[in-house]
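Here are the chains, one letter per residue:
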Amino acid sequence: MLDERGGTGERVTFTYDQGLDSDVYRAKIGDETFQGKAVMDGAGSFTASTFGDFAPLFGSSTTNKFYAVMLGDRGSSLSCQMRYTDSGGFTSLGGVGMCEHSDGRTIDVIW
């Protein structure tokens, strides 16, 4: 659970479910509930073959940068940039981030 305060001092509660390809984020700000996904920003996959070998090699690159969008049940949205402590994307190991509310408020997140 991520638990922080917005710029107004109002309590903002974040929770997440760790996923294989993305995380599901939820937030509660005042009387509005937000939900959305966080995905790796800049990660990718690659295919290569070794010299003289026709068997392809498959792999992926990871990053600790995540981008999230959460939609509120009252029409607002949150756009977040997160930096996980772990470069493999394990949310449970902690991190920091910042979310911008559609009304312009920003929320600093530490977990």
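Residues numbered from 1 in each chain as written. Predicted model: local features only at pLDDT ≥ 70, side-chain atom pairs only at ≥ 80, totals over all residues. Heavy atoms only, no water.

Moving on to the state of the cysteines. Tallying each qualifying case throughout the model produces one disulfide. Note on cysteine connectivity: C80 is disulfide-linked to C99, with sulfurs 2.1 Å apart. Here C80 and C99 share a disulfide; its torsion about the S-S bond, 110°, makes the bridge right-handed. Placement of the pair is C80 in strand 8 (residues 77-84) and C99 in strand 9 (residues 95-101), with a sequence separation of 19 residues. As far as the burial class goes, C80 and C99 line up, both buried. (Disulfide = S-S within 2.5 Å. Helix = DSSP H or I, 4+ residues; strand = E, 2+ residues; numbered from the N terminus. Buried < 20%, exposed > 50% of the residue type's maximum accessible area, 1.4 Å probe, protein only.)

Now for the pattern of salt bridges. Between side chains of opposite charge, a pair can form when the charged atoms approach closely. Per the stated rule, a full pass over the model turns up three salt bridges. Across the salt bridge formed by D17 and R26, the nearest N and O atoms sit 2.8 Å from each other. Exposure remark for R26: the relative accessible area of 30% places this residue in the partly exposed category. D31 is the salt-bridge partner of R74, the closest N and O atoms lying 3.9 Å from each other. Of the two residues, R74 sits in the loop between strand 7 (65-72) and strand 8 while D31 sits in the loop between strand 3 (22-29) and strand 4 (32-40), which places them 43 residues apart along the sequence. With a relative accessible area of 52%, D31 lands in the exposed category. (Salt bridge = Lys/Arg side-chain N within 4 Å of Asp/Glu carboxyl O.)

Attention shifts here to the confidence of the model for the chain. Do not read the predicted coordinates in detail wherever pLDDT is low. Summary statistics for the chain give a mean pLDDT of 79 and a share of 74% for residues scoring 70 or more. The model gives residues 1-6 a pLDDT under 50, and that stretch makes 28 contacts with residues more than four places away or in other chains. (pLDDT = per-residue confidence, 0-100. Contact = heavy atoms within 4.5 Å.)

A few words on the pairing of strand 4. Judged from the eight bridges that link them, strand 3 and strand 4 form a sheet pairing that is antiparallel. Residue pairing in the sheet places Y25 in a bridge with G36 of strand 4. Linkage of strand 3 to strand 4, two consecutive antiparallel strands, is achieved through a turn of two residues, within which G30 is found at a positive phi near 60°. Looking at chain direction, strand 4 and strand 7 are connected through seven bridges and run antiparallel. Opposite A38, over in strand 7, you have A68 as the bridge partner. (Pairing = 2+ DSSP bridges.)

Turning our eyes to something else, we now look at the nonpolar core. With 17 residues, the main nonpolar core has F14, M70, L78, M82 and I107 as its most contacted residues. The set of elements that each furnish at least two residues to this core consists of strand 2 (11-17), strand 3, strand 4, strand 7, strand 8 and strand 10 (106-110). The element that contributes the greatest number of residues to this core is strand 8, accounting for four residues. Once you skip the residues sitting within four places of it in the chain, L78 turns out to touch F14, A27, I29, F34, A68, V69, M70, E100, H101 and I107. (Core = buried A, V, L, I, M, F, W, Y, C linked by side-chain atoms within 4.5 Å.)

Burial along strand 7 is one-sided: the residues F66, A68, M70 and G72 are buried and none of K65, Y67, V69 and L71 is. Pairing geometry for strand 7 and strand 8, over seven bridges, is antiparallel. The residue of strand 8 that forms the bridge with V69 is S79. Hairpin geometry of strand 7 and strand 8 is characterised by an intervening segment of four residues between the two adjacent antiparallel strands and by a positive phi of about 100° at G75.

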